[in-house]
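Now for the letters of each chain:
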Amino acid sequence: MLFKEERVCLCLFYLRQMPTFEVLGMLFGISKTAANDTFHYWISIIRDIIPSSLLEQVSNQESDLLFVQEVLTEFKLLVDSLEQPIHRPSGFKKQQKYFSGKKKQHTLKSQVIGLPEGKDIVEVEVGVPGPTADINLFRKSQEKFDKSQSFSGDKAYFGGKNVTTPYKRKLRRELTQQQKSENRVRSGERIFIEHLIRLLKIFRIASQRFRLRLDMYEQIILTVCGLVRLRIGSLVLPN
């Protein structure tokens, strides 16, 4: 019988290393079934305790949410997406739905919006089919922000409202030196959202082929986002 602390460690270890449940059970001295049951029990508890984003953290209090949305307008938020492989779905229609031509495999896509310098995860959209265009996912996310909120993204967000993207070279025309310089500055700003995504991918369950049921994907990734917020110090849990 594991102590409470050991059961929490088991859950966190699975998120970080993603062994099979048989190996997980061996490591903690319990059966494969007990390891599976322990993980699924504690992941829901951890998910409830740790908010995945700043907006989720204040979502229960409308006054706090409105205040945060107003304060955020003082910043240019960073936005980027990530894709994660999944097992090939059964059925041709589902295979078409999740097949990403970019990754040449079946994937789920998520989007992360962060503060400048990657100081916090502001909002997350999780688990849409891989072929979903970044700009469409972004437009859905914008509904959660003030209409004047500004963003900074890569070329995938070109044409979006209130979002700054790199200059794109036009056909048979080179970028000016000033445009190239501005692109370097914008790239330096966006690098911090890539750092946040890299922290998410340190958890193998958020980077390797997803092996659990797809209906658990949102719960898992949002839990990982909460753990990353703890790691970077933007979230402090009460004692």
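See above for the structure.
Within any chain, residue numbers begin from 1 and follow the written order of that chain's sequence. Reporting in this predicted model follows two pLDDT cut-offs: at least 70 for local features of residues, and 80 or more for side-chain atom pairs to be given and counted; totals over whole chains, interfaces and linings ignore these cut-offs and use all residues. Computation of side-chain values covers all heavy atoms of the structure but excludes hydrogens and water.

Asker: Give me the lowdown on the overall build of the protein, citing residues and values where you can.
Answerer: Put simply, DSSP H or I for four residues or longer makes a helix, DSSP E for two residues or longer makes a strand, and each gets a number counted from the N terminus. Along the protein, the regular secondary structure elements total nine helices and six strands. A compact globule built from 239 residues should have a C-alpha radius of gyration of about 18 Å, and the protein, at 20 Å, falls within 12% of that. Overall size of the protein, expressed as C-alpha extent along the three principal axes, is 65 × 45 × 30 Å. Note on contacts: a residue pair qualifies if any of its non-hydrogen atoms lie within 4.5 Å across the two residues. Taking as baseline every contact in the protein between residues at least 6 positions apart, the subset at least 24 positions apart corresponds to 61%. With residues, only the protein chains shown are counted as cover, and all accessible areas are computed by Shrake-Rupley using a 1.4 Å probe. Accessible area of the protein: about 13,700 Å², with a carbon and sulfur share of 51%. Within the protein, the 26 negative side-chain charges are centred at a point lying 10 Å from the centre of the 38 positive side-chain charges. Note that the radius of gyration is over C-alpha atoms, with the globule rule given as 2.2 Å times the number of residues to the power 0.38. Positive charges come from Lys and Arg, negative ones from Asp and Glu, while His and the chain ends are left out of the count. Where a charge lies is defined by one atom per residue type: Lys uses NZ, Arg uses CZ, Asp uses CG and Glu uses CD.

Asker: Residue-level account of the packing of aromatic side chains, with values.
Answerer: Aromatic rings from Phe, Tyr and Trp, taking only the six-membered ring of Trp, are treated as a pair when their centres fall within 6.5 Å; an angle between ring planes under 30 degrees marks them as stacked, one over 60 as edge-to-face, and anything in between as tilted. Evaluated as defined, the whole model comprises nine aromatic pairs. When the ring of Phe-138 is compared with that of Tyr-157, the centres are 5.6 Å apart and the planes differ by 75°; the resulting orientation is edge-to-face. Residue Phe-138 is located in helix 7 (residues 134-142), and its partner Tyr-157 is located in the loop between strand 5 (150-152) and strand 6 (163-164); the two are separated by 19 residues in the primary sequence. Across this residue pair, the class does not change: Phe-138 and Tyr-157 are buried. What links up through ring pairs into an aromatic cluster is the set Phe-138, Phe-145, Phe-151 and Tyr-157. Over the aromatic face of Phe-158 sits the side chain of Lys-168, whose NZ or CZ is 5.0 Å from the ring centroid. Type-normalised accessible area, obtained with a 1.4 Å probe on protein chains alone, sets the label of each residue: buried when under 20%, exposed when over 50%, and partly exposed for intermediate values. As a reminder, the over-ring test applies to NZ of lysine and CZ of arginine, requiring each to be within 6 Å of the ring centre and within 35 degrees of the ring normal.

Asker: Just give me the short version of the nonpolar core, but keep the residues and values in it.
Answerer: What is meant by a nonpolar core is a set of buried Ala, Val, Leu, Ile, Met, Phe, Trp, Tyr and Cys residues, joined one to another through side-chain atoms within 4.5 Å. Counting 43 residues, the largest nonpolar core has Phe-39, Ile-205, Leu-212 and Ile-220 as the members making the most contacts within it. Leaving out residues up to four positions away in the same chain, Phe-39 has contacts with Leu-10, Cys-11, Tyr-14, Leu-15, Phe-21, Leu-212, Met-216 and Ile-220. Grouped together as the second largest cluster of nonpolar side chains are 16 residues, Leu-55, Val-79, Phe-151 and Val-163 included.

Asker: Tell me about the pattern of salt bridges, residues and numbers included.
Answerer: For this document, the term salt bridge refers to a Lys or Arg side-chain nitrogen within 4 Å of an Asp or Glu carboxyl oxygen. All chains considered together, the criterion is met by 10 salt bridges. Measuring nitrogen to oxygen at the nearest pair gives 2.5 Å for the salt bridge that ties Lys-144 to Glu-123. Taken as a pair, Lys-144 in the loop between helix 7 and strand 5 and Glu-123 in strand 4 (residues 121-129) lie far apart in primary sequence, 21 residues in all. Note on Glu-123: relative accessible area 6%, which makes it buried. One connected set of salt bridges, linked through shared partners, spans Glu-123, Glu-125, Lys-140 and Lys-144.

Asker: An account of unusual backbone geometry is needed here, citing residue identities and associated values.
Answerer: Excluding glycine, most residues fall at negative phi; most peptide bonds, likewise, are trans. Located in the positive-phi region is Met-18, a residue other than glycine, with phi close to 50°. Note on placement: Met-18 falls in the loop between helix 1 (4-17) and helix 2 (21-28). Given a relative accessible area of 5%, Met-18 falls into the buried group. Even without glycine at this site, Glu-117 takes up a positive phi of about 65°. Relative to the assigned elements, Glu-117 resides in the loop between strand 3 (105-114) and strand 4.

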